[in-house]
Amino acid sequence: MKREQLYVGGRWIANGLEYLDVTNPANGEQIGHVPMATRAVVQDAIHAAYAAFPSWSALPARARADLLKGVAARMREYSDELARLMTLEQGKPLAEAKGEINISADYFEWNAEEAKRVYGETIPAATANKRLLALRQPVGVCAAITPWNFPSSMIARKIAPALAAGCTVIVKPASATPFSALAIAHIFDELGAAPGVLNILVGPSALVAEEFIASPEVRKISFTGSTEIGQSLMQQAARDLKRISLELGGHAPFLVFDDADIDQAVAGVIASKFRNAGQTCICTNRLYVQRGIYAAFADKLAQRVAQLRVGNGLDASTDIGPMIDAQALSKVERHVTDAVERGGRVLVGGTRAHSGNHAGNFYQPTLVADAPPDALVAHEETFGPLLPLWAFETEDEAIALANSTPYGLAAYLYARDYARIIRVYEGLQFGVIGVNDAVPTVAQAPFGGMKHSGFGREGGHQGMDEYLDWKFVSIGL
């Protein structure tokens, strides 16, 4: 499944291109290399997608659905190999990688079914000699720029609805984790997808984005990454009025009220915060616990965090894999040092970790209490296994603390009083909210943020809307 070539216009290419080494973040070992696209290669991919669009969009929805269902089936068939490949290049524990492959398959399967449900409307006319119709049609060529933290599911979540809608796609995955993306291309190729329907290339982010922006043939860009880059893409896309959807940074709060099931809430914090070593856009970044249970909760959580095992993701006993690179590791260290210097207390962790004989990019899962509001960890997304916690007194205070951020991607709350649950989730300014649920993302529901976390939705029938235009037809009789 590991392809060390780019997939453009139905062909695997590499000749004449410079190669980039891909390393395992757990030990620094090279696991392969991948060619880097030039401007000419990016342009070729755009032209291939543009040429393929008329025939792909004209196919019956069932035919597009059959291909996507085939992709889902192959992903499940190859799940062990795909998961191992992901762990090698990204670092996450093998069980988590396997789970990601499964939800990636879910995205393809769900959107295959949605392809057959792109309905239009008939509209009552104001006069007897007219008939009014509203049709939904694919927007055209779509470009997807995806991150390294979920190198399979982030791609599936974007391209499955695009292809189901009748769009053709070019994907630019993160250079740190290209093989999971190219494995998806391998499956499409194996199933006989028409040339140009899906194109996957690796290359310098700025160069590729510039070509996507400059080409009039690209009508839609979907990006997952930092808010700063998303803002820049949006400004540039405005020049050609390209459609754009953005899933950007987050700073997720996790609220635990005094009527919550403490054991369930502790398990929820562990699942939300420390999955993928805290390198997820919706993971808990701030933990707020009501004063009456704060001490007991902090103690129980610290005991559980101390039991988490750090190591190579290929080791079945590993709970926490490595950070993606040295820069990510340094950011966690900087946030911990800053919090402690400002008066915060480390309850557990707080130092780098080792895995066997390898230093790697490992950091111990860490809890910090009493960090002041101006600490970096209080207002910046750490993107690592570090969690600060604070006490709150009232429900209104908890909502205000949760909303005290420019980000609005995900939030969590644990409580049993149903009236309180309703008041709190209605008051939270976030696009995804887990109520007594630390892992709320599913293929059949919309995912996306508010405020500086971007706009647009992926997943559910709402995800199809991002790739469809409305066309109004007025017929005179």
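Structure shown above.
What you see is a predicted model, and the numbers here were worked out from it, not measured in a lab. (Residues numbered from 1 in each chain as written. Predicted model: local features only at pLDDT ≥ 70, side-chain atom pairs only at ≥ 80, totals over all residues. Heavy atoms only, no water.)

J.: Which parts of the structure should I look at to understand the overall build of the chain?
T.: A count of helices and strands for the chain gives 15 helices and 22 strands. For the chain, whose C-alpha radius of gyration is 23 Å, the value lies close to the compact-globule estimate of 23 Å for 477 residues. Each principal axis of the C-alpha atoms in the chain carries an extent, and together these give about 75 × 60 × 40 Å. Within the span of the chain, comprising 477 residues, buried residues form 56% of the whole. Pairs at least 24 residues apart make up 74% of the contacts formed inside the chain by residues separated by at least 6 positions. Surface exposure of the chain reaches about 18700 Å², of which carbon and sulfur atoms provide 52%. (Helix = DSSP H or I, 4+ residues; strand = E, 2+ residues; numbered from the N terminus. Rg over C-alpha atoms; globule rule 2.2 N^0.38 Å. Buried < 20%, exposed > 50% of the residue type's maximum accessible area, 1.4 Å probe, protein only. Contact = heavy atoms within 4.5 Å. Areas by Shrake-Rupley, 256 points an atom, 1.4 Å probe, with all protein chains shown as cover.)

J.: Just checking my understanding: could you explain the nonpolar core for this structure?
T.: One broad rule of soluble globular proteins: the nonpolar side chains tend to lie buried together. In this structure, L6, M75, F108, I159, F188 and F212 are the most contacted members of the largest nonpolar core, which totals 86 residues. Not counting residues up to four positions away in its chain, the partners in contact with M75 are L82, I101, S104, A105, F108, S152, I184 and I187. Formed by 70 residues, the second largest nonpolar core is a distinct cluster that contains F257, A298, A375 and Y414. (Core = buried A, V, L, I, M, F, W, Y, C linked by side-chain atoms within 4.5 Å.)

J.: Please clarify how the layout of surface pockets should be interpreted in this entry.
T.: Rolled over the atoms, a probe with the dimensions of a water molecule shows which regions are left empty. Counted as a void, the largest pocket has a volume near 1200 Å³. In terms of lining residues, the largest pocket is bounded by 39 residues, among which P147, W148, G225, S226 and I229 are the most central. Only α7 (205-214), β10 (218-224), α8 (227-237) and α11 (326-341) provide two or more residues apiece to the lining of the largest pocket. Here the lining of the largest pocket is composed, by residue class, of 17 nonpolar, 14 polar and eight charged. One number sums up the size of the second largest pocket: a volume of about 430 Å³. Every residue lining the second largest pocket is counted, 25 residues in all, and those nearest its centre are E96, G99, E100, F150 and R275. At the level of secondary structure, the elements contributing two or more residues to the lining of the second largest pocket comprise α4 (94-114) and α5 (153-165). Residue classes in the lining of the second largest pocket are distributed as twelve nonpolar, six polar and seven charged. (1 Å grid on protein atoms, 1.4 Å probe; cavity = no way out; pocket = protein on both sides within 12 Å on 5 of 7 lines; lining within 4 Å. Points joined across faces, edges and corners; volume = space filled by probe spheres on them. Nonpolar A, V, L, I, M, F, W, Y, C, P; charged D, E, K, R; others polar.)

J.: Teacher, can you tell me more about the environment of F274 here?
T.: Within the element layout of this structure, F274 appears in helix α9 (residues 262-274). By relative accessible area, which is 2% here, F274 ends up buried. As for F274 and K2, which are separated by 272 residues in sequence, their C-alpha atoms are 28 Å apart. Sequence-distant contacts of F274, defined by excluding residues within four places in its chain, comprise V269, V305, L308, I320, P365, T366 and P385.

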